[in-house]
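Read off the chains here:
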Amino acid sequence: MLPYVAHETHRTEVFTLDVTGMERDAGIAQLVAEIPALNLADYARSIVGRRYRVNEEYEVGREKIREYARAVRDEHPVHWNEAEATAYGYRGLLAPPTFTCLLSGAVQKMLAAMLTGYDLSTAVQTDQVFNYHQPIVAGDRLTSNVSLHSFRQAFGGDLMVVENTITNQRDETVLTAYTSLIARSVQTEKDTEIAEFVLGLVRHDVRTPDVPAPTPEPIAHREFEPLPRRAAANGRALASVREGAELPPRTVRLTRGDLVNYAGVSGDPNPIHWSDQAAEMVGLEQGIVAHGMLTMGLGAGFVTAWLDDPGALLQYSVRMTSPVYVSFDGTSEIRYTGKIKSVDPATGTATIAIGATYADRKIFGRATAVVQLS
């Protein structure tokens, strides 16, 4: 896994980035125009640690929570029933653990503006880490604060870790996410061919040229420090958990309809999840594949069904190693397993090692969840 910092806070230079469009400052506009002529890798290294903010808040809707819970097969009642959510101590319906992937559209626009010259549509996600600080519930208004956490070149590509610190309407840190990507600063003729083909498939607003690249505006320095976590009032008791114990396994069957539904709910326009031709063009010879975040969402629900209180999930980390191909006959099955790796009585937490296999292949490399016990 690429390096990330799970709990440390950093003092970084903060910028705002208005994804709805902003008047350019002439000096910055000239600099942005010159970036493609620079060494893109050197430029990427120069912005490591700078933070950019999406100025448009994302409001968490009750029905969107239910739609997303359905898409990732998460049937825990706190995602569906307001009375149950209240009984568990939440102000409203609780968002499923991977719900914040719905903010990725605005974040990707910001990354494209930050990393001018990179075609992030061909980037490959390899690792995802979620650190949970506060519950996200219906009615919350979320803001993404994004920085390039690290950058290095290896294995013929540019390896970068993107940090997204998500705050709510009270300016409290609710989640910190670290996404590891492999991108290329030099596009090949094949890359151009694929990009042109994909533009003929995706929905209209992806094809339409965007507004002019947004301009970063410096604002005051700040640190993003999470509030102390509340104690888990519900869920699995510490006394009932022992090291080495196994979670009841779960098998999930995926169809192409599930992939199309997830693409619509999550807003992911990538056609490799519903077009065999697009998948084959990028080297997926067996056809379309499930979204990595869909397989992560299913895995999170597997853990929280055992835990019984989804809000007691503290950290969820997955390395994605192998795709899940979904055929026409809908026989693609993922088997999830879990084992208690360690228990810390002092903090009342446990670490779970998660396994996920498809067609006798591991789709997750190192995958773990840290949970708060009651």
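About the cut-offs
- Residues numbered from 1 in each chain as written.
- Predicted model: local features only at pLDDT ≥ 70, side-chain atom pairs only at ≥ 80, totals over all residues.
- Heavy atoms only, no water.
- Helix = DSSP H or I, 4+ residues; strand = E, 2+ residues; numbered from the N terminus.
- Buried < 20%, exposed > 50% of the residue type's maximum accessible area, 1.4 Å probe, protein only.
- Contact = heavy atoms within 4.5 Å.
- Areas by Shrake-Rupley, 256 points an atom, 1.4 Å probe, with all protein chains shown as cover.
- 1 Å grid on protein atoms, 1.4 Å probe; cavity = no way out; pocket = protein on both sides within 12 Å on 5 of 7 lines; lining within 4 Å.
- Points joined across faces, edges and corners; volume = space filled by probe spheres on them.
- Nonpolar A, V, L, I, M, F, W, Y, C, P; charged D, E, K, R; others polar.
- Salt bridge = Lys/Arg side-chain N within 4 Å of Asp/Glu carboxyl O.
- Arc of directions from axis to C-beta.
- Pairing = 2+ DSSP bridges.
- Phe/Tyr/Trp six-rings, centres within 6.5 Å; stacked < 30°, edge-to-face > 60°.
- Lys NZ or Arg CZ within 6 Å of the ring centre and 35° of its normal.
- Polar contact = N/O pair within 3.5 Å; in protein donor to acceptor, adjacent residues only side chain to side chain.
- Core = buried A, V, L, I, M, F, W, Y, C linked by side-chain atoms within 4.5 Å.

Per an unreviewed UniProt entry, the protein goes by (R)-hydratase and derives from Nocardia arthritidis.

Colleague: I'd like a rundown of the overall build of the protein, residues and numbers included.
Modeller: When you go through the protein residue by residue, the secondary structure sums to ten helices and 14 strands. For the protein, the residues scored as buried account for 49% of the 374 residues in total. Within the protein, contacts between residues at least 6 apart in sequence are counted, and of these 77% link residues at least 24 apart. Carbon and sulfur atoms make up 51% of the accessible area of the protein, which amounts to about 17100 Å² in all.

Colleague: Kindly report on empty space enclosed by the protein, identifying the contributing residues and their values.
Modeller: Scanning the entire structure with this criterion turns up two cavities of 30 Å³ or more. Roughly 160 Å³ of internal volume is contained in the largest cavity. Along the wall of the largest cavity there are 16 residues; nearest its centre are Ala95, Pro97, Tyr132, Pro135 and Ile136. For the lining of the largest cavity, the per-class residue count stands at twelve nonpolar, three polar and one charged.

Colleague: Give me the pattern of salt bridges: which residues, what numbers.
Modeller: Summed over the entire model, instances satisfying the criterion amount to twelve salt bridges. Across the pair arginine 45 and aspartate 42 runs a salt bridge, and its minimum N-O distance is 2.9 Å. Of this pair, arginine 45 and aspartate 42 both sit in helix α2 (residues 40–46), separated by three residues, roughly a single helical turn. Exposure remark for aspartate 42: the relative accessible area of 45% places this residue in the partly exposed category. In this structure, glutamate 63 engages arginine 66 in a salt bridge whose closest nitrogen and oxygen atoms are separated by 2.8 Å. Of this pair, glutamate 63 and arginine 66 both sit in helix α3 (residues 62–71), three residues apart, which is roughly one turn of the helix. Connected through shared salt-bridge partners, Arg62, Glu63, Arg66 and Glu82 make up one network.

Colleague: Kindly report on helix α5 (residues 104–114), identifying the contributing residues and their values.
Modeller: Considered for burial, the residues of α5 that qualify are Val107, Met110, Leu111, Ala113 and Met114. Along the long axis of α5, the arc covered by the buried residues comes to 160 degrees, so they all point the same way.

Colleague: So, the pairing of strand β7 (residues 173–183): which residues are in play, and what are the values?
Modeller: Most of β7 sits inside the fold, with ten of its eleven residues counted as buried. Here eight bridges tie strand β4 (residues 124–132) to β7, and the two strands are oriented antiparallel to one another. Its bridge partner lying in β7, valine 129 is registered against tyrosine 178. In this structure, the hairpin formed by strand β6 (residues 157–167) and β7 is closed by a connection of five residues, where aspartate 171 is found at a positive phi of approximately 65 degrees.

Colleague: Outline the packing of aromatic side chains, supporting the account with residue identities and numerical values.
Modeller: If you walk through the whole model with that rule in mind, you get six aromatic pairs. An aromatic cluster of at least three residues, connected via ring pairs, comprises Tyr58, Tyr68, Phe99 and Tyr262. The lysine or arginine in question, arginine 256, covers the ring of phenylalanine 328, its NZ or CZ lying 3.9 Å from the ring centre.

Colleague: Pulling in residues and values, what's your account of the environment of serine 266?
Modeller: Along the polypeptide, serine 266 turns up in helix α8 (residues 256–266). Considered as a pair, serine 266 and methionine 293 are 27 residues apart in the sequence and their alpha carbons are 9.4 Å apart. Reaching out from serine 266, the side chain makes a polar contact with the backbone oxygen of tyrosine 262 at a distance of 2.7 Å. Of the polar contacts made by the side chain of serine 266, one reaches the backbone nitrogen of aspartate 268; its length is 3.4 Å.

Colleague: Provide a residue-level description of the side chain of threonine 304, including the pertinent values.
Modeller: Position of threonine 304 among the secondary structure elements: in helix α10 (residues 292–307). Non-local contacts of threonine 304, meaning those with residues more than four positions away in its chain, are made with Asp74, His76, Pro97, Asp309, Pro310 and Leu313.

Colleague: With reference to specific residues and values, describe unusual backbone geometry.
Modeller: Positive phi, close to 60 degrees, is recorded for arginine 73, a residue that is not glycine. A relative accessible area of 27% means that arginine 73 is categorised as partly exposed. The phi angle at aspartate 171 is positive, at roughly 65 degrees, despite the residue not being glycine. Examined against the element boundaries, aspartate 171 turns out to sit in the loop between β6 and β7.

Colleague: Summarise the environment of proline 269; cite the residues concerned and give the values.
Modeller: Positionally, proline 269 belongs in the loop between α8 and α9 (276–281). Put simply, proline 269 and glycine 105 are 164 residues apart on the chain and 9.5 Å apart in space, counted from C-alpha to C-alpha.

Colleague: Describe α3, listing the residues and the values that go with them.
Modeller: Along α3, the residues that are buried comprise Ile65, Arg66, Tyr68, Ala69 and Ala71. Elements that come into contact with the buried residues of α3 comprise α8 and α10. Directly after α3, the chain includes arginine 73, whose backbone phi takes a positive value near 60 degrees.

Colleague: Residue-level account of the nonpolar core, with values.
Modeller: Residues Leu254, Tyr316, Phe364 and Val371 are the most contacted members of the largest nonpolar core, which totals 70 residues. The greatest single-element share of this core, amounting to nine residues, is contributed by α10. Discounting chain neighbours no more than four positions away, the residues touching phenylalanine 364 are Thr295, Met296, Tyr316, Val318, Arg319, Thr321, Tyr336 and Ala356. Formed by 21 residues, the second largest nonpolar core is a distinct cluster that contains Ala41, Tyr43, Ile47 and Val146.

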